[in-house]
Amino acid sequence: MKPNHIAIIMDGNGRWATSHNKSRKFGHKRGAKSARDIVRYTGMLGIKYLTLYAFSTENWGRPLKEVDLLMTLFVETLDSEIEDLNDNNVRVIFIGDRSGLTKSLIDKIDKAELLTKDNQGLNLTVALAYGGRWDIINATRLILDKIQNNELNHSDIDEDQLSSLMQLGSKPDPDLLIRTGGEKRISNFLLWNIAYTELYFCESLWPDFNHSDLDIAIEFYTERKRRYGKNV
Ligand code: FPP
């Protein structure tokens, strides 16, 4: 069976740029092009959920010039893509800590979410200024608030309760996590939600990741036997 929810760590824009004698800016632009293409293709394949790791909490530590160009790229990409995404029935949602984002980016995010809120096609989540540990801390704070407001008792706290307060909320956990660019690590992405996710690491750098690479990753997933800790 094909995966219902695919999550992707899009890695390798910088190395792609270096290997083509181009600037990192150019590499990120090609990365945005690749994201656009993979979003379309995922929708065509009838996959219901796609979650893309666009900017991690750790990425704030990159040189200011690169952070600025990435933020500008996110604004530009939203501007250029949102109508088309909406026409293609894609619902767009952003997750992450918005406190460090510019007002103009937050406004565009709010508009994009509002415009696409009733769409029933691909459910696209963009993780921006997101960290898995931040997500867990944030949910913990929300739980404490609820306890303080007498909306929740200690005994009510279970997996479903915590899941509902994590950034992915009621969305199903990813079935397949893809990381491009050759590294084999999770880099603080969706820590809570990937407990039983199948992990797929490939060498392709993100700007090179194409339809056939996604087909291969999905084929890898369909061949897995998921036992969720049981032995049958
Ligand atoms: C990873 O490459 C990419 C990023 C941290 C930047 C974010 C992703 C994009 C610009 C793709 C577009 C996405 C959207 C939603 C518009 P890297 O810089 O870590 O590459 P390196 O490891 O080779 O240096």
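The structure this text deals with has already been given above.
The following refers to the structure shown. (Residues numbered from 1 in each chain as written. Predicted model: local features only at pLDDT ≥ 70, side-chain atom pairs only at ≥ 80, totals over all residues. Heavy atoms only, no water.)

Brief notes about helix H4 (residues 103–115)
Here comes step 1: For H4, which comprises 13 residues, the first-to-last C-alpha distance of 18 Å matches the rise-based estimate of 18 Å (1.5 Å per residue) to within 8%.
Here comes step 2: Of all the positions in H4, only Leu105, Ile109, Ala112 and Glu113 are classed as buried. The buried side chains of H4 occupy one side of the element, clustering within an arc of 95 degrees when seen end-on. Across H4 from its buried face, at more than 90 degrees, point the exposed residues Lys103, Lys111 and Leu114.
Here comes step 3: Of the surrounding secondary structure, the elements contacted by the buried residues of H4 are helix H3 (64–87), strand E3 (91–95) and strand E4 (123–130). (Helix = DSSP H or I, 4+ residues; strand = E, 2+ residues; numbered from the N terminus. Expected span 1.5 Å × (residues − 1). Buried < 20%, exposed > 50% of the residue type's maximum accessible area, 1.4 Å probe, protein only. Arc of directions from axis to C-beta. Contact = heavy atoms within 4.5 Å.)

Some thoughts on the nonpolar core
Here comes step 1: If you look at the biggest cluster of nonpolar residues, it comprises 41 residues, and the most contacted ones within it are Ile6, Ile8, Leu105 and Ile178.
Here comes step 2: The greatest single-element share of this core, amounting to eight residues, is contributed by H3.
Here comes step 3: In this structure Ile178 touches Ile6, Ala7, Ile8, Ile9, Tyr200, Phe209, Leu214 and Ala217, once residues within four positions along its chain are discounted.
Here comes step 4: Residues Ala7, Ile9, Tyr53 and Leu177 belong to the second largest nonpolar core, which totals 14 residues. (Core = buried A, V, L, I, M, F, W, Y, C linked by side-chain atoms within 4.5 Å.)

Some remarks on the packing of H3 against H4
Here comes step 1: One can describe the packing of H3 onto H4 by two numbers: an axis separation of 10 Å at closest approach and a directional angle of 15 degrees. Relative to H4, H3 is oriented roughly parallel. Crossing of H3 against H4: the hand is left-handed. Judged by residue contacts, Met71, Phe74, Val75, Leu78, Asp79, Ile82, Glu83 and Asn86 of H3 engage Leu105, Lys108, Ile109, Ala112 and Leu115 from H4.
Here comes step 2: Among the residues making up the contact of H3 with H4, the classes are represented as nine nonpolar, one polar and three charged. (Axes fitted to C-alpha atoms, helices over the stretch in contact; angles between N-to-C directions. Parallel < 35°, antiparallel > 145°, perpendicular 65-115°, else oblique. Left-handed = near helix turned anticlockwise from the far one by under 90°. Nonpolar A, V, L, I, M, F, W, Y, C, P; charged D, E, K, R; others polar.)

Purely geometric stuff here, so don't read any function into it on its own.
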